[in-house]
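# Summary of structural features
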Amino acid sequence: MTKKVLYIDIIHSKIGYILACMSSYSSLDLSKRIIDINNDIDLIKKSMIDKKNYIDIRNVIDLREKLKELKTRINDEGEVSLQGHKIACLLFEVSAIIKLFINEYQLDEEINEYLLLTSEYLYVCGRIVNIEVLCFENKF
């Protein structure tokens, strides 16, 4: 396996762990979309193994819309500290790992956009976890 595929395995595994941790917090209503994202990450891995690097543009458009919708649940008033609830910290971590992955590898435009949207989506989910579970958000 290539380093790029192993990176995707780490991202996929971490998202799976986050989903397992979130099972106690069904009221957050975040798991369904994160499951879909993790399934798409698996498809990205398969396409990289097949050297096709392809993702359906409909998935990119759908995630873009879901991110817009999710952002309505928070006030976007600048940077926040990447600390707080355990699940929030895990979401912030995988968001950063995805950005590192994108910076390290040349990717097709659709995959790049999908992963950037995924990173931002998971970051926003982390903020929501902190706000809704801890009633806390440490802003800079």
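Conventions used here
Sequence positions are assigned chain by chain, starting from 1 and proceeding in written order. For a predicted model such as this one, the threshold for reporting local features is a pLDDT of at least 70, and the threshold for listing and counting side-chain atom pairs is 80 or more; totals across whole chains, interfaces and linings nevertheless cover every residue. Here the side-chain values reflect all heavy atoms present in the structure, with hydrogen atoms and water set aside. Aromatic rings from Phe, Tyr and Trp, taking only the six-membered ring of Trp, are treated as a pair when their centres fall within 6.5 Å; an angle between ring planes under 30 degrees marks them as stacked, one over 60 as edge-to-face, and anything in between as tilted. Strands here are runs of E lasting at least two residues and helices are runs of H or I lasting at least four, both read from the DSSP assignment and numbered beginning at the N terminus. A simple rule labels every residue: compare its accessible area, found with a 1.4 Å probe on the protein chains alone, to the largest value its type can have, and call it buried under 20%, exposed over 50%, or partly exposed in between. Between N-to-C directions, angles span 0 to 180 degrees; the directions come from axes that are lines fitted to C-alpha atoms, helices contributing only their stretch in contact. Geometric relationships in this document are graded by angle, where less than 35 degrees denotes roughly parallel, more than 145 denotes roughly antiparallel, 65 to 115 denotes roughly perpendicular, and other angles denote oblique. In this scheme, a crossing is called left-handed if the near helix is turned counterclockwise away from the far one by less than a right angle; it is called right-handed if the turn is clockwise. Contact definition: two residues touch when any of their heavy atoms are within 4.5 Å. Amino acid classes used here: Ala, Val, Leu, Ile, Met, Phe, Trp, Tyr, Cys and Pro are nonpolar; Asp, Glu, Lys and Arg are charged; the rest, including Gly, are polar.

## Concerning the packing of aromatic side chains
Taken as a whole and judged by the stated rule, the model has four aromatic pairs. Ring geometry for Tyr7 against Tyr105: centres 6.0 Å apart, planes inclined by 85°, an arrangement best described as edge-to-face. Placement of the pair is Tyr7 in helix 1 (residues 3-22) and Tyr105 in the loop between helix 4 (86-104) and helix 5 (109-134), with a sequence separation of 98 residues. Just as Tyr7 is buried, Tyr105 falls in that class too.

## Points about the packing of helix 3 (residues 57-71) against helix 5
The geometry of helix 3 relative to helix 5 is characterised by a closest axis approach of 10 Å and an angle of 25° between their N-to-C directions. Relative to helix 5, the element helix 3 lies roughly parallel. Read as a crossing pair, helix 3 and helix 5 show a hand that is left-handed. Side by side, helix 3 and helix 5 meet where Ile57, Asn59, Val60, Leu63, Arg64, Lys66, Leu67, Leu70 and Lys71 of the first sit next to Glu110, Glu113, Tyr114, Leu117, Thr118, Glu120, Tyr121, Val124, Cys125 and Ile128 of the second. For the contact of helix 3 with helix 5, a count of residues per class yields 11 nonpolar, two polar and six charged.

Note that every value here comes from positions in space, so none of it alone points to a role or purpose.
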